[in-house]
Structure formats: C-alpha cells, structure tokens
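Read off the chains here:
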Amino acid sequence: MEVAQEELLTAPKKKETVEVSGSVALLEGLIAEGVDTIFGYPGGAIMPIYDALYDYKEKLNHILVRHEQGGIHAGQGYARSSGKVGVVFATSGPGATNLITGLADAQIDSTPLVCITGQVFAHLLGTDAFQETDVINITTPVTKWNYQVTEADQIPEVLAKAFHIARSGRPGPVLIDITKNAQIQKFDFEGYVKCNHIRSYRPKPIVRNEYAEQAAALINQAKKPFVIWGQGVILGKAEKEFQAFIEKTNIPAAWTILGASAIPTDHELNVGMLGMHGNYGPNVLTNECDVLIAIGMRFDDRVTGRLDKYAKQAKIIHLDIDPAEIDKNVQTTVPIWGDCKETLPLLMNLCHQKKHPEWLQEFKNYQQQENDVVINNELHPQTGELTMGEVINQLNELTNGEAIIVTDVGQHQMVACRYAKFNQTRSNITSGGLGTMGFALPAAIGAKFGAQERTVVSVSGDGGFQMTIQELGTIMQCGIDIKMLILNNRFLGMVRQWQDMFNEKRYSFVDIQSPDFVSVAAAYQIAGKCISERENLQSALKEMLEHKGSYLLEVMVTKENNVFPMVPQGCSVSEIRLK
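Caption draft 1: Expanded view of the overall build of the protein chain. Each helix and strand counted, the protein chain has 24 helices and 20 strands in total. Its C-alpha atoms give the protein chain a radius of gyration of 26 Å, near enough to 25 Å, the size a compact globule of 579 residues would have. Along the longest, intermediate and shortest principal axes, the C-alpha atoms of the protein chain span 95 × 65 × 45 Å. Per-residue burial for the protein chain yields a buried fraction of 58% across its 579 residues. In the protein chain, the share of contacts with a sequence separation of at least 24, taken over all contacts with a separation of at least 6, comes to 77%. Summing over all exposed atoms, the protein chain offers an accessible surface of approximately 24300 Å²; the carbon and sulfur share of this is 49%. On the protein chain, the mean spot of the 52 positive side-chain charges and the mean spot of the 66 negative ones are 5 Å from each other.

Laid out in structure tokens, this is it:
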C-alpha cells in the first residue's frame, strides 16, 4: 500500500544520528558546554576517554597534573577565577579517592566542578575488582550530585544534567562515574542538548516581594544598619547591584574571606573583614548595630563566634539563594530567598537614600585603634625580622591591587586576606570552609588558566607548600606563568599560635623543617630566590613579578609572630583581642 505524499510531509522527521563511542560523546558534550581546559591524570579505567582525547587536542586543552588532588584544586582555581565550571578527569580506585578533599572543599565553598572518573567494567561492579571503589557512596556527602553511568547512551543526558546542577542555584561539585564498557560502547548519537530544567530540582527559590518590603521597612527605620556579605555576591555576579545597594543606603559593609574583592578594598563603605582574624570595628560593632543585613553568606562559626552572644540586639535580614542556610545558625527576622542579583535591586528600590555619618565614624574610630596597636607595626616595622604583613603590603604597591591572590591555609592566609588590596572581583581565591593546606599552588595554576590576562600570585606557608609541591612539575611541563610566594616562618604557624595562646607554649610537633625551596624549584626549571633582609624585599618582589615565566620567591619572616586581632574560640565577637 503506497503512503500518500502528504503523510510523508507531515510525518515527524527522524533525527540524524552518528555512531560514536561513549568517550567521544563525552568530549563532544564538554565542547558544547564551552569547556576549554581539563585538569586530569590518566589511568586504566579511564583510558578509553584519554584515547579519544588524543584526537581532540586542538579543541580541549588537557593539563597533566602530578596528583589528582592537585587536579581538582586546579579545577577549583579555574572556576573561581573564570566563573565557569571546572572540569577534572581521574581514573578509578585511588585516582577517584584522591579527589575527595577537593570535592569536600568545593562543596563547602560552593565551587562549580564536573569531575569525571573512570570505573571498572559494569559486570565487575561489586566484585572488588582491581582499582574498584564504591565512588558513588564515598562521594555522596561531598558532592551536590553524583551519578554512575553504565551504558554509553546515558552519557549525553547525564553530562548535561551535571553541568546544569553544578553551575545553577548555589553552585557545587558534581561527579560522574563512568564504567569502562560505557566509554567503549558505540551508540547512535543524536547530538548534545544542554539541560536547563530538571523536574525535581529547584535551583532558585521563588522571590517573595512581601519579604523585601518588610526588610526595606527595617532598613529605612534603622539608625545603625550594618551589611555583611559573602561569596554569594560574587557567585551571583551581583557585584554592581551590591555596590549600588550600599551606596544608596550608605550602609557600612564588611566581608567574609570568600566575599573579598566583590567591591574594591578602598571603597569608602568597605569597612573590612569579619571573623576570627577580621578587623576590630566590624566584629565589635556587629553586636551594636540595630539591623544586620547578611547577603550571600552562611554565618560560619569563624564569623559569628559564640552564637548565643551574636547580634542579639539586632533585627536580622538574610538574603540567600539556599533556603537551607536561612535560620540554620542565626535566627532571621526577615528572610529573602533568591538570587541576590534579583533580590538586591528589588530591595534597593524599596529603600530610602540615607546617610549615617555618626555610625560610619564609629567604624573609623575602631580602625584607628587597630592601626595604632596592630597594623602599623605589622605593615611598617622599622627593626627586627621581616613580617608577613609588610610582604603583602609591598606586593600591593607593586601590583596596584590588580593581581589575583591565591592563598593556602594558615597565618599567611589570614595576613593576606587582611591586607591584600583588590580592585576587581574574583581576585581573592582561598580555601575557606574546609581550610585545606596545599590548596594554593595547584589552585593558582588553575586560576591562571581561567584568567590568563591577569597576574596570579600564590601565597603559601612553608608547611602547606610541601603538601602539593609536586605540582611544580605541572608548571614545568605546561609552561604556565604564576608567581609563587612562600612566607617561611619555620613553623606550622597557626597551630603554633594556638599552642602559644591556649596551651602555655607547649609547641607540640609544629617546628617543621623544609627543603631548599629555591633548589627544588630549579630542579623543575623554575627560577627563584630566597631573601631574609628588609632592604631586599621590594627589589625581590619586583623581580618576581617582572620575570617572564613562573618564579618562586621565598621570604624568611619572623618565627613567632601572632596574627591579631583575634576572636578566641568560644568567645563573642565583642571579645576580640588586639594583642
């Protein structure tokens, strides 16, 4: 029986397909998602993907790291500097488990990653095969979403979901575990389709105008309003909206360490850093403000100190995209759920233009006290050994606040966060919530790939640098240009400070011996220098910054200098110590 011509014309057209392997479908999907750089380390269970990658060298830049933890920290640095999703490859077993620290770090710091791990053949799952680990159950607590693919035709849809989940709402790490058979299998590929909706997933809560109206009423009546902001402003790409809001309302604003650089350091309403080693005024005056407006931050314990003594006098307004953060630690008077890029303009339009000169002066008065007791001696010492603060201060003068500063974890991190100057967003990259030593060096590599036009300086201590020192090999092989600054105090400094202050100077296993870092760098064909004298500091920093290619500068700083101010653990932010 012949089919009528009109029926042929109205029949749905069959999609054109091409037979490809699961590995090729994966790489085509990455390209469709705008991926340009992958950080990874090959192995047996992911070998088919790497074999396919051989033919994609012109489209995808793969950076061979020296350890999977280095790979995932590089992915984090890339995501934080570029605003894109970081992509990481690792094999099964130990390759996958070496990602765990980075996944946990990315999860707590809301960093968008898609990690691809190889896995044993599907028919071997559960048999304790060579290099088999239950990656899905291991990574469930430290990922936003994870999924195990066992058939090639699942790859395009799962990958699309992974990118959508990683980058939308409150960002986070996603892991896809792909069995080896799924990488090898061929199937009819209909092309890659991006995902922008998942039925059970709501990345953005509905913005409720009535809450914005209630918040605006409190702000308009406030005599001593105070804004505290976090990384949510940067993740939401709401820096302009945030600055417009504080300028219209003339409200002083202080930042968490992950929120730093959202507005310029020298902005007149930027009153400094919150938290355990934050500035004096922002901590003390948290407990004196009448309205506290928290934007894109989660009231971490290092910011709040004792919760039962935190801002009890104030009405609390909390803007956050994640409803789970509302009332989790601090009881909110008015919650404003939603993306701050949407909620800030809504709130600003309802707020009156105001001035708070007396209130702003209180912050300036506390800043002067901090300058007199702490900052002047730290940034401008006249005698004695070099301090970490004066190194960062000299770095500021030479970079003019335009560099990306990537810090490790410890005393140098707190000093760098306190004193570094930033003129543009996405300039402060550090491990905030997890506090991962070894973060800075690989994260700086990734940050440079994410922002190749910018100067990237990693700042590490002598302890943390040795945790991922093998990534000097990555720098050597890929030829990336980053500047490495080691502030060497011959101690695990932050632990020593606590032992000094709270354990009667019982220095238990914090006196760390280190190699000749300059010679180690030289072995990796990286130039370097070590200095210990004040008169050599500026010229050495200038040489580091002007050198073409990567450069390591080790600065010997005073051994037993403590970082102040400090809110001792278990104390209120009002009990912050200047010495």
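After that view, the rundown keeps rolling.
Caption draft 2: View of the environment of Val 520. Along the chain, Val 520 turns up in helix α23 (residues 517-523). It is 26 Å that separates the C-alpha atoms of Val 520 and Leu 99, two residues lying 421 residues apart in sequence. Dropping the residues within four chain positions of it, Val 520 is found in contact with Ile 469, Leu 472 and Pro 515.

Caption draft 3: Quick peek at the state of the cysteines. Scanning all chains against the criterion turns up zero disulfides. No disulfide involves Cys 195; its sulfur sits 18 Å from the nearest other cysteine sulfur, which is in Cys 115. Summary of cysteine pairing: Cys 340 is not part of a disulfide, and the nearest cysteine sulfur, belonging to Cys 351, is at 15 Å.

Caption draft 4: Quick look at unusual backbone geometry. Between Phe 564 and Pro 565 the backbone carries a cis peptide bond, its omega angle lying at 0°. Counting through the fold element by element, Pro 565 comes out in the segment after β20 (551-556). Phi at Lys 237 takes a positive value of approximately 55°, unusual for a residue other than glycine. The residue Lys 237 is located in the loop between α11 (232-235) and α12 (239-249) in this model.

Caption draft 5: Inspection of the environment of Asp 290 at higher detail. For Asp 290, the position within the fold is in the loop between α13 (280-286) and β12 (291-295). Here Asp 290 falls in the partly exposed class, since its relative accessible area comes to 24%. C-alpha of Asp 290 to C-alpha of Gln 313: the two residues are 23 residues apart in sequence and 6.5 Å apart in space. Dropping the residues within four chain positions of it, Asp 290 is found in contact with Ala 222, Lys 223, Lys 224, Pro 225, Gln 313, Ala 314 and Lys 315. Side-chain polar atoms of Asp 290 contact the backbone nitrogen of Lys 223, separated by 2.7 Å. Here Lys 224 takes part through its backbone nitrogen, which lies 3.0 Å from a polar atom of the side chain of Asp 290.

Caption draft 6: Geometry of helix α8 (residues 155-167). Compared with the 18 Å implied by 1.5 Å per residue over 13 residues, the 18 Å span of α8 between its first and last C-alpha is a close match. Here α8 has its buried residues at Ile 155, Pro 156, Val 158, Leu 159, Ala 160, Ala 162, Phe 163, His 164, Ile 165 and Ala 166.

Caption draft 7: How the structure looks around the pairing of strand β2 (residues 37-40). Burial of β2 is two-sided: the residues Thr 37 and Phe 39 facing one way and the residues Ile 38 and Gly 40 facing the other way are all buried. By the bridge criterion, four bridges tie β2 to strand β3 (residues 61-64) in an arrangement that is parallel. For Thr 37, the partnering residue across the bridge sits in β3 and is Asn 61. In this fold, β2 hands off to helix α3 (residues 47-53), which returns the chain to β3; that crossover is right-handed. Across two bridges, the pairing between β2 and strand β4 (residues 86-90) is parallel. Each residue of the ladder has a partner; that of Gly 40, found in β4, is Phe 89.

Caption draft 8: Representation of helix α19 (residues 440-450) in the model. Counting buried positions along α19 yields 10 of 11 residues, so the element is predominantly enclosed. Where α19 is concerned, the buried positions are Ala 440, Leu 441, Pro 442, Ala 443, Ala 444, Ile 445, Gly 446, Ala 447, Lys 448 and Phe 449.

Caption draft 9: Expanded view of the packing of aromatic side chains. As enumerated under the stated definition, the model contains 14 aromatic pairs in all. Taken together, a centroid distance of 6.1 Å and an interplanar angle of 65° make the contact between Phe 39 and Tyr 78 edge-to-face. Placement of Phe 39 in strand β2 and of Tyr 78 in helix α4 (residues 68-82) is noted, with a sequence separation of 39 residues between them. Aromatic side chains Phe 39 and Phe 449 sit 6.1 Å apart centroid to centroid with 70° between the ring planes, which places their arrangement in the edge-to-face category. Highlighted residues: Phe 39 in strand β2 and Phe 449 in helix α19, separated in sequence by 410 residues. Grouping residues by exposure puts Phe 39 and Phe 449 together as buried. These aromatic residues form a ring-pair network of at least three members: Phe 39, Tyr 78 and Phe 449.

Caption draft 10: The packing of helix α17 (residues 388-399) against helix α18 (residues 411-419), seen in detail. Interaxial distance between α17 and α18 falls to 9 Å at its minimum, and their mutual angle equals 40°. One way to sum up the angle between α17 and α18 is to call them oblique. α17 and α18 meet at a crossing whose hand is right-handed. Packed against α17, whose contacting residues are Met 388, Gly 389, Ile 392 and Asn 396, the element α18 presents Gln 411, His 412, Val 415, Ala 416 and Tyr 419 at the interface. By residue class, the composition of the contact of α17 with α18 is five nonpolar, four polar and no charged.

Cut-offs used in this document
- Residues numbered from 1 in each chain as written.
- Predicted model: local features only at pLDDT ≥ 70, side-chain atom pairs only at ≥ 80, totals over all residues.
- Heavy atoms only, no water.
- Helix = DSSP H or I, 4+ residues; strand = E, 2+ residues; numbered from the N terminus.
- Rg over C-alpha atoms; globule rule 2.2 N^0.38 Å.
- Buried < 20%, exposed > 50% of the residue type's maximum accessible area, 1.4 Å probe, protein only.
- Contact = heavy atoms within 4.5 Å.
- Areas by Shrake-Rupley, 256 points an atom, 1.4 Å probe, with all protein chains shown as cover.
- Lys, Arg positive; Asp, Glu negative; His and termini not counted.
- Charge placed at Lys NZ, Arg CZ, Asp CG, Glu CD.
- Disulfide = S-S within 2.5 Å.
- Polar contact = N/O pair within 3.5 Å; in protein donor to acceptor, adjacent residues only side chain to side chain.
- Expected span 1.5 Å × (residues − 1).
- Pairing = 2+ DSSP bridges.
- Right-handed = clockwise from strand over helix to strand, strands pointing away.
- Phe/Tyr/Trp six-rings, centres within 6.5 Å; stacked < 30°, edge-to-face > 60°.
- Axes fitted to C-alpha atoms, helices over the stretch in contact; angles between N-to-C directions.
- Parallel < 35°, antiparallel > 145°, perpendicular 65-115°, else oblique.
- Left-handed = near helix turned anticlockwise from the far one by under 90°.
- Nonpolar A, V, L, I, M, F, W, Y, C, P; charged D, E, K, R; others polar.

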